Each structure stands twice: as C-alpha cells, then as structure tokens.
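Take a look at the letters that make up each chain.
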Amino acid sequence: MTALKNSIRDLLRYPSAILGSVIILFLLAISVYALITIPYSEAVRLWRGGEEIWYQNPKYAAPAWFNTFSSKKEPVSFAVRTTDGSMSKTTTPSSDPEISSVDITYSFDYAYDGVPQELLIYFTSQYKEKFSFVSVSWITPDGRTIRIADMAASSKLTFRFSQDQKLQKRLKTEHVMQAIFADPESPTQAPLKGQYQLVISGTTFEKDATIDAEFVLHGELFGAAGTDKYRRDLLLPLLYGTPIALAFGLLAALGTSLLTMVIAAIGTWYGGWVDELIQRITEVNLVLPFLAILIMVGTFYSRSIWLMLGVTILLSIFSGSIKTYRAIFMQSKESSYIEAARAYGASSSRIIFSYLIPRMVPLLIPALVSSVPSFVFLEASLAVLGLGDPVLPTWGKVINDAFADGALYQGRYYWVLEPAVLLMITGFGFAMLGFALDRIFNPRLRDV
Amino acid sequence: MMVTVTIAVYLTILIANMGGYVDTIMRNEIRDNTTQAILANPNYRSLSTEAKAELIRTKIATEENRLGLNQPFAVRSIKYLRNALTLNLGRAINMKSDQGSKEVRLILLERLPATLLLTGSSSLIVFFASIFIALSLSRKYGSFWDKVTIAFSPTSAAPPWFYGIFLILIFAAVFKILPFGGLVDSPSPDNPLEYGLSVLKHLILPASSVIISTIFFSIYNWRTFFLIYSSEDYVEMAKAKGLTPRDIERRYILRPTLPTIITSFALLLITLWTGFIITETVFLWPGLGITLFRAIGFYDTPVIVGSTIIYAYLLAITVFLLDFVYALVDPRVKVGSGGGGAQ
C-alpha cells in the first residue's frame, strides 16, 4: 500500500502525468455519461437511422458555437412542436360542435446575418373522414404579414417553404428564404433582424379531430457539434466514440501486454522446445505485414470491431517486446528467491504467476499505458480505410465519412477537426501519463 | 530463417484466400461472365440450347483450369507457395498496371518508385536528423531545447495520416499553396525539370506528415540511448584525458553504439518497402501501399501475396546480412559465436 502511495506521490511530481491523468479521467467521465444516456442499441439505431430520425437537422451544419467566433452570424437551427408544448396551441370550439378552430403560433428572435437553408412545417392531424384545414402566415418584425399557404391537412403533411410552387409564384421569386427574411429597405437584401412570428390557424370539421404541428428551421449551424451529410448530429458519434475508443485501446493494450508477458514467462521458465517454439512464432510474426493482414481480415471476414480487436491482440502478442521480456525473465529466473521457491516445492504455475510476473509489473504498467494511443489510432486508421465497424458510431468513422464526402475540399473543416481533436487529446493523454510512469518505474531514465 | 519466411508466406496465402472462400467468389464471377459472353455473342445465336449449355460448360472449365481453380485448395496453396518462394509472382487476377500488364511483378515495380520516393525521403531525413539532433541534445541535456523535445515526444502517438489531415487542411484547403494529393499535376508537364518540381511540390505534404509524426520520438529515443552510453566509465575516462568533445562523440559514443544504429537503419530500409498504406491512401499517392489496399479490395491474392513475399524476403536477407555486419563493426561479436536468429 505504501508502495502505491509512493508511486502516486512520485507521479504528482510530473506535470505531464497530472495533465495526462486529468485528460484520461475526463474521457472516462464522457464515456460513462455516453453509456448511461445513450444505450448501445439506441446509439446504433440513431447512427444507422436516416431521414426519418434526423429530418429536423440541416445537412452539413457547422456547430452553433461558430457564431461566437465569427463576425457574420449564421442562423442556428431549431425545432419546436406543439406536442411537447414548445409551440403554443389553443383550441376554441365554435357554436357548431363539429367545428372548432386551432391556433398555433410561434415567435422567435432572428438576429442572424444570413438566411436559413429551409423552413419546414410537419402537420399531423387526426380525423375520421373530413380533412382539417390549415392556413399559414408569416409576420415579419416590421409588421408585414405574408400569406404562406392554405391547404387541407391530411394525416401527415410536410410543408417545405422553398419548395412550394404557389408560394414561389406569389412572392415572384424562387428564393423564398430571401423573400420572407429580407429587409425590403436594404439594397443588399440583408435579413431583417427582430421578432418573427409564424401563425398557423386551422379548422377541424369533426368532433375529435386534432391538428399538431412541428416547425423546423434548417439553419447553417446546428447544436454543439454540427451535422453531417445524412443530417446526423455529430455529437452522437463524438460522445459515443469515446467509450469505444477507450475500450478498444485499453483492451488491446491490456490483452497484448499481459499475454506477451505470460507467454514470455512460460517460455523462459520451461525452456527447451516451448521456448524454441515461441521464438520461432515471434520470428514468423515479425515478417507478417501487420496492417495488411488486418485489412485482409476486415475485407474478407467481418468488420466487427471485436473481431478486429481479437486479431490485433493476436498479431501483437508475438512482437519484439517478447524478446525484451524474455531477456529480463532469464535474469530473474536465476535469482535466489526463485531458487528458494523451487526448494520448497512450488509448482511451475505458482512460480510463473506469483513470483516471475509480479516482478515485471513496474515494467508492464508504463508499456501498457504508452501503447494505448497506438491502438486507439489503429482503430481510427482502420475506420479511415473504410474498415470500421459498420454499425458503431466511432471517431474514425466520422473522419472516413468526411473524407468520402470531400469535406476538406469543400471547407467543412469542423467535420474532420472535431473527431481529430478528440483523437489527439486521447492520444496525448495516455502518451503523457505513460511517459511519466516510464520515468518513475525505470529509475535508470530518471536522471536523463 | 528460410523456414520462417516460408511459414509467414504460407500464412499470408491462407489468410488472403480465406481458406477457399475467395475461390467461390471467383467461380461465380467466371460463371456469370462466361454465360453472359456466350449468350450475348451473335455468332452463337444459331446454336441450340443444349449446344449453348455445353459450350458454356467447356468455357467455364477452361477458364477455371486457366486460373487453377479445378485443383483442391491445399494443392493450389502449395503451388502458390512454391511460386512465391521462387519469386515467380505470377499474374494478377483483376488488377492491371498502368500499361495494361497483368504481371504482378510489373504492377509492383511500377509503383515502387513512388513509394521509395516518399518513404525514402521522409525516413532518411528522420533518421539522420534525429541522430544528429539527439547527439547535440545529449551533449547538453536539461537545456531548453532538450525539454522542448521531451515535451513533444508524445506527439508520435499519432500516425502520419493524422498529421496529414491537418497539413492538407492548412496548406491545401485554407492557404491553397500545396496540392491536396496525387503525384504530379494533371496534365503532367512534359519538361522533365517541371515534372520533377511538380512531383516535389506534391511530395512536401505527405513527407512532412511522416516526418512530424516520427521525428520527436525518434530524437527522444536516440537521445536517451546516447545519454546512457555517455555515462559509461570509459567516456568519463576519455573526458578526464581531456579529449575534445568531437573525438569523444566519434570514438567513445558513436563507435560502441554503431551496431544498434546500423540495425535500426537496416530495419528502416525494410519498412520503406511496405510504404505507408494509410498515408498513401489519404494523399492519393500512387505507391505500393495504396496498391496493396486496392488489391485487398479486389480480392487479388497474387498481388497481396506478392508484396508480402518481397517484404518477408527483404527482412530475412537484412537480418542475415546484419550478422555479418555486426561481426565487422563490433569486435565483441566473434564469427561463430554470433548468429542471432539466423539458422
């Protein structure tokens, strides 16, 4: 226990160790948060979901915090609906019990320098035989009222402002967004800032008929992380990629270093043909091209991340480090406490697992921590090659999507940078901690 | 060592064939293509249905025979192995070189210069720069630049393609001064000088991404290595004798570490061969890495095995040669007692 305390005290002397630990704890916190708030199946469903899940989001929207750093304020997307009360709805019955009128209004402040991509209203109405009727109008900050549309609301109706030909004709332009947002006084057609109001007045012609509406503004910016080509909120893969990256990195590092050590210990202890065999396997493995085999497995068999993890561990066990461990085990095999254990009749497995391997833990820990980043990046590399797990939202997958869509050519930097920065933070966190651990546990390095 | 290479190549063959699954894919493809070709050919239209079916059957058999598919997989894999070991790399199944040849040898040779240009330039710069910088850092360790190098060494946790993304973003997308990827401008200039300059311009980004990703760690490693050696007693002795720092470095630090330096240089030369699969893919650099990646996508076993076999051979030869070089540069290794992994 005191040894552990001492190590921790030593660790705190290194700023890089503190920074690294803080980063790792932070990533762990994100992972726990992601796993609790979004269950695995839900994450997969959302990530694989198409238009029906993500219709509220604009395509290729940058994160909303871009406005903080930019002098030109771009519109931020939002969605409001009557079903959860974010948009007000009042129903007033008339003298005729069959007929009642429904008023839905939503006012919002618009203080941006650009016009949105699109405005949409999704109507859901319930009726038996007679359609309900809705008319939509738009009130600008300077008090003008623009009639948008009058239509019969079938059970599901989507109204897209800029796609509506009647509206285009009425406004005498194809650029509906310009027309309803522009300041008529301004020569540059800059959007008029202020409070806009959307007024939907509906009439139902049956006793139990209802109308609900959802109003969606597709701006140029969205949420904390932006969206991709398929309107998916990038926050999902960024959040959910954290536990996946950590799990892959930690499991691969742990599996590889532990198994390498155990195999090296067994080989050294038994010697003879066991040792010889392990040596030969290591040599064969050194000749095999690691990444090429991983790519082959990914292309031919399965792209499941857990299979990849298994193959990675398998190929990394018999690496060069087995020779390093072997050299050290060779020395400790001859030491007197092993001699003593042998004398009192300890079994081979007892000697290996209780005497040989624990001696190596100080060497193991820094190596383990330092190897995590390379595995995290390996997972991302595979995803960038298009061999990422097809169902899981991961950081590498986001980079791959962005590359496939030419995000860098088209200036959508946020799409590549967000996962890249997370990868970098993860890599540096583990690398810095491992670096400090290495110096603590290998006193030979401490002075230099 | 030969046994090692043989086993490694055989394993690659097994994996690349998925234990015979690729054959099924190829058979189906042959059947489809042959049937289509015969049914679409106007010369065969007059034949009866039975005659057509017979013709299709014989054509399929010939085609399978040509590709060696009618032999059992075990036999075929041994044949592949023999061909591979004798460097008879055979013909690709689907891929072609730019000149239209299907010879695996030609496909690989065509891509070799591009890969060697990228890996060679970047790795040599990293190797010599890091040894040189490491030596000067180890001379005055604890200095500002020494601390900077240590602080930056974790940056090597990220692979080259990762820095490639940032470099593309900064220099190609934002400043638009360097190209996004590729080997030369399109259309390629006729003048050899302009051609060379254009290649050089395309080389800057991929090469720098490789350099950035490896150099700090490499410097750090060499620096630690030199420091450990410069605290040896005989170095202290040399200092006490009053030798110049340059002499100490050359005769007392570099000389005993020469075997290690040579080993890592040799291993570096081998890794040049495989190229950087992902870096080449990200930069669309037409080298061996991207070829291997495409070959895997096309299930083109001969090409995959071909590049693995050459890698395995080079590694084996290097390890073998290293034993001799050790004996030459390191008097502590006597011929006969050394031997290492070679058998």
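Please refer to the structure placed before this passage.
The shown structure was predicted, so the numbers you read here are calculated from the model rather than taken from an experiment.

## Side note on the interface of chain B and chain A
Contact with chain B, which involves 39 residues of that partner, is made by 35 residues of chain A. Looking at the side of chain B that touches chain A, the elements that each hand over two or more residues are helix H1 (2–17), helix H7 (160–174), helix H8 (192–230), helix H11 (277–282), helix H12 (288–297) and helix H13 (301–329) of chain B. Looking at the side of chain B that touches chain A, the element that brings in the most residues is H1(B), giving eight residues. Grouping the constituent residues of the side of chain B that touches chain A by class yields 31 nonpolar, eight polar and no charged.

## Here we look at the packing of helix H8 (residues 235–270) of chain A against helix H14 (residues 348–384) of chain A
Residues and elements named next belong to chain A. Where H8 contacts H14, the two axes come as close as 7 Å, and the packing angle between them is 145 degrees. For the element pair H8 and H14, the recorded crossing hand is right-handed. Class assignment for the residues of the contact of H8 with H14 results in 23 nonpolar, five polar and one charged.

## Structural notes on the packing of H8(A) against helix H11 (residues 305–317) of chain A
All names here are of chain A. Axis separation between H8 and H11 bottoms out at 9 Å; the angle between their running directions is 30 degrees. Judged on the interaxial angle alone, H11 and H8 are roughly parallel. With respect to the hand of their crossing, H8 and H11 are arranged in right-handed fashion. Contact with H8, carried on its side by Ile244, Phe248, Leu251, Ala252, Gly255, Thr256, Leu259, Thr260 and Ile263, involves Ile305, Leu309, Thr312, Ile313, Ser316 and Ile317 of H11 and no other residues of that element.

## A few points about the pairing of strand S8 (residues 194–204) of chain A
Residues and elements named next belong to chain A. Relative to S8, strand S3 (residues 100–110) is paired through 11 bridges, and the arrangement is antiparallel. Within the sheet, the bridge partner assigned to Asp103 lies in S8 and is Ser201. By the bridge criterion, seven bridges tie strand S5 (residues 132–139) to S8 in an arrangement that is antiparallel. Of the residues in S8, the one forming a bridge with Ser137 is Val199.

## Some words on the environment of A:Ala402
All names here are of chain A. You can see Ala402 is positioned in helix H15 (residues 395–404). Given 26 C-beta atoms within a 10 Å radius, Ala402 is considered buried. Those residues in contact with Ala402 that sit more than four places away from it in its chain are Ala407, Trp415 and Val416.

## Focus: the sheet that holds strand S2 (residues 88–93) of chain A
All names here are of chain A. Taken in spatial order, the five strands line up as S2-S3-S8-S5-S6 in an open sheet, and their pairing is antiparallel. Looking at the sheet topology across the chains shown, the edges are occupied by S2 and strand S6 (145–153). Adjacent strand axes in the sheet meet at a mean angle of 15 degrees, parallel and antiparallel pairs treated alike. Of the pairings in the sheet, the one linking S2 to S3 comprises six bridges and is antiparallel in character. By the bridge assignment, Pro93 is partnered in S3 with Ser100.

Rules and cut-offs
- Residues numbered from 1 in each chain as written.
- Chains lettered and ligands numbered in written order.
- Predicted model: local features only at pLDDT ≥ 70, side-chain atom pairs only at ≥ 80, totals over all residues.
- Contact = placed C-beta atoms within 7 Å.
- Helix = DSSP H or I, 4+ residues; strand = E, 2+ residues; numbered from the N terminus.
- Nonpolar A, V, L, I, M, F, W, Y, C, P; charged D, E, K, R; others polar.
- Axes fitted to C-alpha atoms, helices over the stretch in contact; angles between N-to-C directions.
- Left-handed = near helix turned anticlockwise from the far one by under 90°.
- Parallel < 35°, antiparallel > 145°, perpendicular 65-115°, else oblique.
- Pairing = 2+ DSSP bridges.
- Buried ≥ 20, exposed ≤ 12 C-beta atoms within 10 Å, placed from the backbone.

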